[in-house]
Amino acid sequence: MSASAPVASLHAQAFAPPVATGKRNLVGLTREELTAAVAELGEPAFRARQLFSWIYDKGETDFEKMSSLSKAFRAKLAESFQVARPGVATAQLSFDGTRKWLLQFDDRQQVEAVHIPDDERGTLCVSSQVGCTLTCRFCHTGTQRLVRNLGPAEIVGQVMLAKDHFGEWPASRPERDITNLVFMGMGEPLYNYENVAKAIRIIKDGEGLGISKRKITLSTAGVVPMMQRCGEELGVNLAVSLHAVIDEIRDVIVPLNRKYPIAELMAACRAYPGVHNARRITFEYVMLKGVNDSDADARGLIQLLKDIPAKTNLIPFNPWPGAPFECSLPERIERFARILNDAGLAAPVRTPRGQDIYAACGQLKSASQRLKKSEREAAEAPTSPSP
Ligand code: SAH
């Protein structure tokens, strides 16, 4: 991967948010929606395909430079539309190369996106909602109320902004800083399914952002009724935030469990379309001292996963100010992992990344505010300019 910026031990930059133009943003529109938009301007459907490629493959934001389109069409496009990215409130670089962007939308709501470089890959972690409804007890985002869902433009926009940063255009180029995409930022993606699905269709489109569905992982706390659809329609990898093996504990730390208990969740995992040994479900398990980290818990996990093509991902709890938990001791995590390994379960321990910039798992939290109802409706109205 190319290093696109000098590595500083800690680096924070402030940017001015973009000027709101009031024009409709074409980012986030699917092929079909672009075709309709182009038809409104009296242009044939093949123009939409060209436009799709200019926006999502070439990353072009200036209609003037879309040289395969006629001058007249470019002028018409510029009159009504824009190709815009989210604003960047702050960007931070960790000593370990992890980057975090605090992004800001037209209604001033903010979410975070994180890029984690590794030896052979670079993973971009995106948000799907401003805030979250799930209130998982160990998660910092969980202390923040849900403000609103992100629209497709705001989800795709996170990827495009990161690609701008790395100069990663055209999207189809082989060398990339962003090889993998995970929906593990703020929010529950399966509670914003329609918008997430639209965004994923654009992101995995070979003439769009071109990140294959095999490199995309959607993480859910276990919204059981949406899992089947997600697998069938999107075909992305699934990660499930399990975190406990008995309902009494999971009910407390992942309150969604009261609605969809472990047995139902496991049944949905077994039925997840396309799951087989080469394409396993990842079970995330946050290591909380004295809560879910005993030998018995490890054995319970083996039992639960015995007939599911699974891998586990042990996540050392990342503390945040005022968190009611502590991370399990390293020896405990090691022993827990060994029990799983001995039973033939892959159980890598995730190294916390970007801790100095609060970019580690579950630490994402922006200073968003709950919108008044009228503001929320205005922000969600389809005619309003999307960011
Ligand atoms: N709502 C989705 C995706 C967001 S969270 C989900 O629940 O899967 C992404 C992962 O980070 C989840 O597994 C979540 O449980 C985990 N996580 C949240 N807070 C954490 C923390 N403080 N330390 C470690 N992992 C955490």
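Residues numbered from 1 in each chain as written. Predicted model: local features only at pLDDT ≥ 70, side-chain atom pairs only at ≥ 80, totals over all residues. Heavy atoms only, no water.

(A) The arrangement of helix α2 (residues 45-57) in detail. Here α2 spans 18 Å end to end across 13 residues, near enough to the 18 Å set by a 1.5 Å rise per residue. The set of residues buried in α2 consists of Arg47, Ala48, Leu51, Phe52, Ser53, Trp54, Ile55, Tyr56 and Asp57. Along its buried surface, α2 packs onto α1 (31-40), α3 (71-80), α4 (152-166) and α5 (193-204). Note on α2: the residue one or two positions beyond its end, Gly59, has a positive phi of about 75°. (Helix = DSSP H or I, 4+ residues; strand = E, 2+ residues; numbered from the N terminus. Expected span 1.5 Å × (residues − 1). Buried < 20%, exposed > 50% of the residue type's maximum accessible area, 1.4 Å probe, protein only. Contact = heavy atoms within 4.5 Å.)

(B) Region of interest: the packing of aromatic side chains. This model, assessed by the stated rule, comprises 4 aromatic pairs. Where Trp101 meets Phe166, the ring centres are 6.5 Å apart and the plane angle is 90°; that geometry is what we call edge-to-face. Of this pair, Trp101 sits in strand β5 (residues 99-104) while Phe166 sits in helix α4, and the two are 65 residues apart along the sequence. Looking at Phe166, the relative accessible area reads 9%, which means it is buried. Here the basic side chain of Lys58 rests over the ring of Trp54, its NZ or CZ set 4.5 Å away from the ring centre. Positioned above the aromatic ring of Trp169 is the side chain of Lys163, whose terminal nitrogen or guanidinium carbon lies 5.6 Å from the ring centre. (Phe/Tyr/Trp six-rings, centres within 6.5 Å; stacked < 30°, edge-to-face > 60°. Lys NZ or Arg CZ within 6 Å of the ring centre and 35° of its normal.)

(C) The arrangement of the site of the ligand in detail. Taken together, 21 residues lie near the ligand, and Phe138, Ser219, Ser241, His243 and Asn318 sit nearest. In the environment of the ligand, a nitrogen atom lies 2.9 Å from a nitrogen or oxygen atom belonging to the backbone of Phe138. Mapped by element, the contributors of at least two residues to the shell around the ligand are β11 (216-220), β13 (281-287) and β14 (310-316). Residues of the shell around the ligand, tallied by class, amount to 11 nonpolar, 8 polar and 2 charged. (Near = heavy atom within 4 Å. Polar contact = N/O pair within 3.5 Å; in protein donor to acceptor, adjacent residues only side chain to side chain. Nonpolar A, V, L, I, M, F, W, Y, C, P; charged D, E, K, R; others polar.)

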